[in-house]
Amino acid sequence: MKALKTLGYLLGLPVLLILIWWSATLGTVNFFVPTPASLVGTFGKVWFGERFLTDVLPSIGRLLVGVVAAIVIGVVGGVLIGSIRWLRALLEPVLEFFRAIPPPVLVPVLILLMGITDSMKIAVIISGCVWPVLLNTIEGVRAVDGVLSDSAHTYGIDGWARVRYLVLPSASPQILAGVRQSLSLGLILMVISEMFASSSGLGFTIVQFQRSFAIPEMWSGIVVLGLLGVAMSFIFQWAERNILRWYHGQKEVENAA
Amino acid sequence: MSSPALTSGGAAPRGERHHRRVRKVPTKQLLGVAGILGFLVTWELIPRLGIIDARYLPPASEVIAALVVDLGLTAFWVAVGETMKAWFLGLAIAVAAAVLLGFIIGSSNFLRKATNSTVEFLRPIPSVALIPLAVLLFGVKIESSLLLIVYASFWQVLIQVLYGVADVDMVANNTAKTYGLGRMARIRYVVFPTALPYLMTGVRLAGAVALVLAITAELVIGSPGLGREIALAQSGGAISGMYALVLATGLIGVLINVLMRFIEKKTLAWHSSVRSEVIV
């Protein structure tokens, strides 16, 4: 009974919305809005096949490489800048400025510097995604508990061990908050870099459909992007739950007390 | 009396550290300025020394000169105006819609549970996926930018409002109920003040996102504004001009951040004071 209730809450509204959509498009032929059935049909036809290999996989690959590189650079740089006070004071205004630049404007700049290549698209993703991770890591490193830090010092835990067992774990909630922001940013930048200058990839294909007025195909592309976003968000939530298990446990204990 | 003498051995280094920190306060700003100058000098040197061709990366001085020229041009300010108009309208619509829906959904347990899966599904959909749709529906007009901006900023605010409404203190709410406050009065005097800090965080995040989407829409779709100017400058080979516009967008981003923090501080001025009184 309880499971049924949960399922009802989970699926009730989506089913209702699809029913409304279905009945609204029933019998009418609206050029812009496909019926649910034709959308599902088109989706299968367009995306399960060669296009999956030539457009979807390379896009996902670039996204992964870009995001992972951005996370690594952001965390390493953040730990460095966060632990060295003068470096932080030196770089803070410059970093704040770079963060404030809307990442998509770097697409034309990087096209200019690197040409229209795969590495340009990865560079676009990195250049946008690195800031949330970097700045959050700096904040996280700065906020390391003073008592813990002093204890670690007293026990002679220094250097790499200090980073591994003290700094990274204490900063991880903040780092993951940054990663979450950079994931959605990465997806946006992947699409934009492909829409702007590319001959393959998801963004390119969707714009191509739109320009040739292949409306159901265009919608199916939008659905692919939506599913990608949703999948990334679920994977992230799963990873976050695992990485931060100790943290959530600690919060529960603190709240209970 | 003897305790200062006893702890003096321990206090000395702490005093020294404290002293050092006091001296560091003005140096922090100086270091920041030094950082900016260092960045500009590096930028100036990279093309001058031929590490990157000056045709692709003009020296900083040239770009700043181009920005100064831009500041005197009406066309530049028109583009800035268009961008800011899209930013403001989009943000305003998103905030209004999110606040209204957030309070409705948040105040009912049933609605919150029923909408959760849909919200979690729609939220991660990247708003740039709507670009083709925006082009078809509105073409290269401000409505295209608005569609993207509203979609992206709406979720930022809605999620925060939902958290905020959920944070309402049950004791306060029940007290208000006991004193005979109606539903509207409770929303006004209990729920709204609780949710306001969350709402302001959402608005601040949405402000940054809205600028990104405004520029993106202009860049990719070509609706009027700074983004379109950047795309035009790039395809027209006005390289210093393009870099100058990129700098301008960064400055606008900084200004929006500062503005948002200021508004947040002003609207929540009562907040910390109220809280500290409660604690006392």
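In what follows, the accompanying structure is described. (Residues numbered from 1 in each chain as written. Chains lettered and ligands numbered in written order. Predicted model: local features only at pLDDT ≥ 70, side-chain atom pairs only at ≥ 80, totals over all residues. Heavy atoms only, no water.)

Description of the overall build of chain B
The helix and strand tally for chain B stands at 11 helices and zero strands. Tracing chain B from N to C terminus, the helices and strands come up as α-α-α-α-α-α-α-α-α-α-α. Out of the 280 residues in chain B, the part that is buried amounts to 42%. Across chain B, the fraction of contacts at a sequence separation of at least 24, relative to all contacts at a separation of at least 6, is 72%. (Helix = DSSP H or I, 4+ residues; strand = E, 2+ residues; numbered from the N terminus. Buried < 20%, exposed > 50% of the residue type's maximum accessible area, 1.4 Å probe, protein only. Contact = heavy atoms within 4.5 Å.)

Some points on a nonpolar patch on the surface
On the surface, a cluster of nonpolar side chains totalling about 670 Å² of accessible area is made up of L7, L10, L11, V15, L19, W22 and L26 of chain A. Tracing the chain through its elements places L19 of chain A in helix α1 (residues 2–25). (Patch = residues over 30% accessible without salt bridge, like charges linked within 9 Å, V, L, I, M, F, W, Y side chains within 5 Å. Areas by Shrake-Rupley, 256 points an atom, 1.4 Å probe, with all protein chains shown as cover. Salt bridge = Lys/Arg side-chain N within 4 Å of Asp/Glu carboxyl O.)

Section: the nonpolar core
Grouped together as the largest cluster of nonpolar side chains are 141 residues, with contacts concentrated most on W47, M190 and L202 of chain A together with L226 and Y243 of chain B. Not counting residues up to four positions away in its chain, the partners in contact with W47 of chain A are F52, V56, L202, T205, F209, S220, G221 and V224 of chain A. (Core = buried A, V, L, I, M, F, W, Y, C linked by side-chain atoms within 4.5 Å.)

Describing the packing of aromatic side chains
All chains considered together, the criterion is met by nine aromatic pairs over all chains. Judged by centre distance (5.0 Å) and plane angle (75 degrees), the rings of F154 of chain B and W155 of chain B are edge-to-face. The exposure class of F154 of chain B is buried, given its relative accessible area of 13%. Overall, the relative accessible area of 10% leaves W155 of chain B in the buried class. An aromatic cluster is built from F97, F98 and W131 of chain A together with F39, W43 and Y243 of chain B, whose rings are joined through pairwise contacts. The lysine or arginine in question, R164 of chain A, covers the ring of Y165 of chain A, its NZ or CZ lying 4.8 Å from the ring centre. Taking NZ or CZ as reference, R55 of chain B lies 5.7 Å from the ring centre of Y56 of chain B, over its face. (Phe/Tyr/Trp six-rings, centres within 6.5 Å; stacked < 30°, edge-to-face > 60°. Lys NZ or Arg CZ within 6 Å of the ring centre and 35° of its normal.)

Focus: the interface of chain A and chain B
You'll often see interface size given as the accessible area lost when the parts meet. Listed by partner, the interface residues are 47 residues for chain A and 52 residues for chain B. The three residues of chain A that bury the most area against chain B are Y9, F97 and L112 of chain A, which together make up 15% of that side's buried surface. If you look at where chain A meets chain B, you find zero salt bridges. The tally of links from chain A across to chain B stands at one residue pair in polar contact (both at pLDDT 80 or more). (Buried area = accessible area lost by both parts, 1.4 Å probe. Polar contact = N/O pair within 3.5 Å; in protein donor to acceptor, adjacent residues only side chain to side chain.)

Describing the pattern of salt bridges
All names here are of chain A. Applying the stated criterion across every chain, the model contains nine salt bridges over all chains. One salt bridge connects E194 with R62, and the closest N-O pair in it is separated by 2.8 Å. Taken together, the residues span a long stretch of sequence, with E194 in helix α8 (residues 159–196) and R62 in helix α3 (residues 50–83) at a distance of 132 residues. Residue classification places E194 among the buried residues on the basis of a relative accessible area of 1%. When the shortest N-O distance is used, the salt bridge between R142 and E139 registers 3.9 Å. In this pair, R142 and E139 are both assigned in helix α6 (residues 118–142), three residues apart and thus about one turn of the helix distant.

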